[in-house]
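Next come the chains, spelled out residue by residue.
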Amino acid sequence: MQVIKPGDTRGTLYIVATPIGNLEDISARAVSVLSGVAVIAAEDTRHSGRLLQHLGINKPLVALHDHNERGRVQNILDQLLAGADVALISDAGTPLISDPGYVLVREARVEGLRVSPIPGPCALIAALSAAGLPTDRFLFVGFLPAKRSGRRTALEELRKETVTLVFYESPHRILDTVADIAETMGEHREIVLGREITKTFETFYSGGATQVLATLTDDPHGSRGEFVVMVRGAEKAESSLMAGALDVDRLLSLLMEELPIKKTAKIASSLTGLGKNELYQRALDLKDS
Ligand code: SAM
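Parameters at a glance
Residues numbered from 1 in each chain as written. Predicted model: local features only at pLDDT ≥ 70, side-chain atom pairs only at ≥ 80, totals over all residues. Heavy atoms only, no water. Near = heavy atom within 4 Å. Polar contact = N/O pair within 3.5 Å; in protein donor to acceptor, adjacent residues only side chain to side chain. Nonpolar A, V, L, I, M, F, W, Y, C, P; charged D, E, K, R; others polar. Helix = DSSP H or I, 4+ residues; strand = E, 2+ residues; numbered from the N terminus. Buried < 20%, exposed > 50% of the residue type's maximum accessible area, 1.4 Å probe, protein only. Salt bridge = Lys/Arg side-chain N within 4 Å of Asp/Glu carboxyl O. Domains from an automatic or database assignment. Contact = heavy atoms within 4.5 Å. Buried area = accessible area lost by both parts, 1.4 Å probe. Expected span 1.5 Å × (residues − 1). Pairing = 2+ DSSP bridges. Axes fitted to C-alpha atoms, helices over the stretch in contact; angles between N-to-C directions.

**Topic: the site of the ligand**
Near the ligand you find 19 residues, and of these T94, D99, A123, Y168 and F227 are the closest. Taking A92, its main chain carries an N or O atom lying 3.2 Å from a nitrogen atom of the ligand. Between the ligand and the protein, one listed contact pairs a nitrogen atom with a backbone N or O atom of I97 at 2.8 Å. Here the shell around the ligand is built from residues that sort into 10 nonpolar, 4 polar and 5 charged.

Dropping the structure here:
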């Protein structure tokens, strides 16, 4: 059991959130902490150097990124143990949220050092706060796998979740990811994309997955910039439909009496909101059995 209170003579590790676009989103406390620490650990020192220059802060910067975090941690811990305050920042938003810093924070806590958050911008929270999707319970998934097969497997696993799902996605993969959501979770599943939040071209796209995909494809800026992808959780009735697999099987069986399997899966997917591919597979299994 460990309780760390203010007053420790050793240094404090501050986890400082920085803007996700609009530089005015830096908090007054973030500026004062960044101005007061001995060292700032940053994911990309060149990138953060520009932010600090904009803020008129001139402090020694050390790089702490995914590739060197384990090696650098001891050096930063030594400075904290010697009494120096250190701030950790990432390229944008809140450190450790799909960003480096976990090893440092973990080790600092193991050492019994004081770790103090300076809260501020975070893309997933900003996106959720304006999306109009339920926020009472949500699941943040971070980045989906880059390869299509891995991404679809991950989406299939999440399909029955009844809570709002939140992903980060790169502009190169946004169209493919939305297409995969439509295919695995149903073309009518409500999704909201938050693009370039807090920046000049901030845009929210919302609607059924296929509808959003079409809008994004038609928008010449559609696949540019940074995206948060949010997906409305599966309807309770829908997930109980899955639990009571008999109903889905019955629906598939009835449709299959009149239609080819592909069409059966498509219509069943529209009716239930379940994934077309899985329904197709289920229909094949039913036919074989
Ligand atoms: N630590 C950051 C945070 O607190 O949000 C996230 C870092 S993660 C490496 C970067 C991803 O966050 C981007 O690929 C994008 O999905 C999302 N993101 C960051 N800034 C954004 C913005 N202004 N608008 C939309 N998404 C953003």
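**Some points on the side chain of R152**
By the secondary structure assignment, R152 is in helix α6 (residues 148–158). Look at R152 and you get buried, because its relative accessible area is 14%.

**What about the pattern of salt bridges?**
The final tally for this structure, using the stated rule, is 11 salt bridges. Across the pair E156 and R159 runs a salt bridge whose closest N-O atoms are separated by 3.2 Å. Note on R159: relative accessible area 2%, which makes it buried. Salt bridges here are not isolated pairs; linked through shared partners, they connect R148, R151, R152, D180 and E183.

**Description of the domain arrangement of the protein**
In terms of domain boundaries, the protein breaks down into domain 1 (12–120), domain 2 (124–234) and domain 3 (240–288). Its C-alpha centre places domain 1 at a distance of 29 Å from the equivalent point of domain 2. Facing the 6 residues of domain 1 at the interface are 10 residues of domain 2. Between domain 1 and domain 2, roughly 500 Å² of surface is buried when both sides are summed, and carbon and sulfur atoms account for 63% of that area. Per-residue buried area on domain 1 facing domain 2 is highest for I20, I97 and S98; these three make up 73% of the total on that side. Inspection of the domain 1/domain 2 interface yields 0 salt bridges. Remark: the boundary between domain 1 and domain 2 carries 1 residue pair in polar contact (both at pLDDT 80 or more). Per-class residue counts for the side of domain 1 that touches domain 2 are 2 nonpolar, 3 polar and 1 charged.

**Focus on helix α7 (residues 174–185)**
The end-to-end C-alpha distance of α7 is 16 Å, a good match for the 16 Å that 12 residues give at a rise of 1.5 Å each. Among all positions in α7, only I174, T177, V178, D180, I181, A182, T184 and M185 are buried. At the exit of α7 stands G186, carrying a positive phi of roughly 110°.

**Some words on the sheet that holds strand β5 (residues 114–118)**
Taking strand neighbours across the sheet as the criterion, the 5 strands line up as β3-β2-β4-β1-β5 in an open arrangement whose pairing is parallel. At either margin of the open sheet sits one strand with a lone partner, and together these are β3 (61–63) and β5. In this sheet, adjacent strand axes meet at a mean angle of 25° when their direction is disregarded. In terms of strand pairing, strand β2 (residues 39–42) meets strand β4 (residues 86–89) through 4 bridges, oriented parallel. In the strand pairing of β4, A42 is matched with I89. Relative to the sheet, helix α2 (residues 45–55) contacts β2, β3 and β4, its axis offset from that of β3 by approximately 150°.

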